[in-house]
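# Descriptive analysis of the structure
The primary structure of each chain is shown beneath.
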Amino acid sequence: MNRFVVLLAFVSVIWSCSDDDDASVAIEPARPLSEVLVEDEAEIQEYLSTHYYNYEEFDNPSDDFDYKIDLMEIPEGDTTNIKSLSEFVETIEVDVPSRHFFIEGEDETVAHKLYYVIAREGKGETLTVADSAFARYEGQLLSGDIFDNSRENSPQWFNLPTLQTPATSTFSGTPARGFAEGMKLFKGGLPPVDNSDGTYDVEDYGVGFVIFPSGLGYYNSTQSIIEAYSPMIFKMYLLAVENETDHDGDGKLSIDEDTNGDGYLYNDDADEDGLVDYLDSDTN
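The notes below deal with the structure included here. (Residues numbered from 1 in each chain as written. Predicted model: local features only at pLDDT ≥ 70, side-chain atom pairs only at ≥ 80, totals over all residues. Heavy atoms only, no water.)

Of regular secondary structure, the protein possesses 4 helices and 13 strands. Of the accessible surface of the protein, which amounts to about 14,000 Å², a share of 45% is contributed by carbon and sulfur atoms. (Helix = DSSP H or I, 4+ residues; strand = E, 2+ residues; numbered from the N terminus. Areas by Shrake-Rupley, 256 points an atom, 1.4 Å probe, with all protein chains shown as cover.)

Under the defined criterion, the tally for this structure stands at 20 aromatic pairs. On the basis of an interplanar angle of 55° and a centroid distance of 4.9 Å, the ring pair of phenylalanine 158 and phenylalanine 179 is categorised as tilted. Of the two residues, phenylalanine 158 is situated in strand β8 (residues 156-159) and phenylalanine 179 in helix α4 (residues 177-183); the sequence distance between them amounts to 21 residues. Using a relative accessible area of 7% as the deciding quantity, one classes phenylalanine 158 as buried. Look at phenylalanine 179 and you get buried, because its relative accessible area is 0%. An aromatic cluster of three or more residues is present, and its members are Tyr53, Tyr55, Phe58, Phe65, Tyr67, Phe88 and Phe209. (Phe/Tyr/Trp six-rings, centres within 6.5 Å; stacked < 30°, edge-to-face > 60°. Buried < 20%, exposed > 50% of the residue type's maximum accessible area, 1.4 Å probe, protein only.)

This part takes up the layout of surface pockets. In this structure, the largest pocket spans a volume of roughly 520 Å³. Arg136, Tyr200, Asp201, Val202 and Leu239 are the residues nearest the centre of the largest pocket, which is lined by 21 residues in total. Its boundaries defined by the atoms lining it, the second largest pocket holds a volume of some 240 Å³. For the lining of the second largest pocket, the leading source of residues is strand β4 (residues 90-97), giving 5 residues. Class assignment of the residues belonging to the lining of the second largest pocket gives a composition of 4 nonpolar, 4 polar and 7 charged. (1 Å grid on protein atoms, 1.4 Å probe; cavity = no way out; pocket = protein on both sides within 12 Å on 5 of 7 lines; lining within 4 Å. Points joined across faces, edges and corners; volume = space filled by probe spheres on them. Nonpolar A, V, L, I, M, F, W, Y, C, P; charged D, E, K, R; others polar.)

Before going further, it helps to examine the pattern of salt bridges. Enumeration according to the criterion identifies 7 salt bridges in this entry. In this structure, glutamate 35 engages arginine 31 in a salt bridge whose closest nitrogen and oxygen atoms are separated by 2.8 Å. You can call glutamate 35 partly exposed: its relative accessible area is 39%. Here glutamate 181 ties to arginine 177 by a salt bridge, and the two come within 3.2 Å at their closest N and O atoms. In this pair, glutamate 181 and arginine 177 both sit in helix α4, 4 residues apart, roughly one turn of the helix. The pair glutamate 181 / arginine 177 is uniform in exposure class, with both members buried. One connected set of salt bridges, linked through shared partners, spans Arg31, Glu35 and Glu39. (Salt bridge = Lys/Arg side-chain N within 4 Å of Asp/Glu carboxyl O.)

Attention shifts here to a negative patch on the surface. Together, Glu56, Glu57, Asp59, Asp63, Asp64, Asp66 and Asp70 make up a region of like negative charge exposed at the surface. Within the secondary structure, glutamate 56 is located in helix α3 (residues 55-59). On the basis of relative accessibility, which here comes to 55%, the residue glutamate 56 falls in the exposed class. (Patch = residues over 30% accessible without salt bridge, like charges linked within 9 Å, V, L, I, M, F, W, Y side chains within 5 Å. Lys, Arg positive; Asp, Glu negative; His and termini not counted. Charge placed at Lys NZ, Arg CZ, Asp CG, Glu CD.)

Glancing now at the pairing of strand β11 (residues 206-212). For β11, a buried count of 7 out of 7 residues is recorded, marking the element as mostly surrounded by other parts of the structure. What you see with β11 is no split at all: Gly206, Gly208, Val210 and Phe212 on one side and Val207, Phe209 and Ile211 on the other are buried throughout. The pairing of strand β5 (residues 109-120) with β11 spans 5 bridges and is antiparallel. Opposite tyrosine 116, over in β11, you have valine 210 as the bridge partner. Where β11 lies against strand β13 (residues 232-242), 7 bridges are found, and the strand directions are antiparallel. By the bridge assignment for β13, glycine 208 is matched with methionine 236. (Pairing = 2+ DSSP bridges.)

Across the 10 residues that make up strand β6 (residues 132-141), a large majority, 9, are buried. Bridge count between β6 and β8: 4 bridges; the pairing is antiparallel. Bridging across to β8, phenylalanine 134 finds its partner in tryptophan 157. Inspection of the sheet shows β6 paired to β13 by 10 bridges, in the antiparallel sense. Residue alanine 133 lies in a different strand from β13, and its bridge partner there is valine 241. Where β6 lies against strand β7 (residues 146-149), 3 bridges are found, and the strand directions are antiparallel. For glycine 139, the partnering residue across the bridge sits in β7 and is aspartate 148.

All we've got here are geometric facts, nothing functional implied.
Okay, structure coming up:
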């Protein structure tokens, strides 16, 4: 494994333990990726067929509609012809190497499906997984239990490449790799409007949600209410983007330092010095 990623994993886990004494982060020996993926897919498919979102409000928004995603279970015996999530979701595939989870006796890469719904596309700029997103979000399990969210009026900047690191290096409270892979599917909003009172309004920002298996989440790590091998859902509200990012200041965009073109920045190390290219200003 790339030495940089291993070091980052070690440092992040140590930071987690020392920074938050109340955070419970337990890692059990990891099961095979393909075995877990079958179970996760079954859970996700069940969820997609039995739940819906407030698509009618997005199709015909009222003047006071807040453009928030509501995920709800379809009532048993429903006769109103509610459309389930399975009628709306689209998918992308993300390759996950088994080495990210230190799976004993296994060396394979397994394609994981990430499911997403764009409820409102957004009229702003696009971004890549090498860029930064200014967003509100809410993370929940398939059970509906919420494990993380941003405050109503406190969106956050996310440096998406850092979220691509293996889940073993993710500390409590940080969105998972599926968050970064999903966020790049949305567009930001229009330029902010200054209200002259220290606040700003952003119109027509991207809204939607993603659902992904545990291989794009915390996998065999248990954090707070998140049990090992838990698929995850993130509602996303992308207000603004910082694109064309050059993390190492070498004059080459970070996304262009994904030299093998697989959309993953942590397996590119052209000079084999242990530092990935998008953070290595010595790489030409």
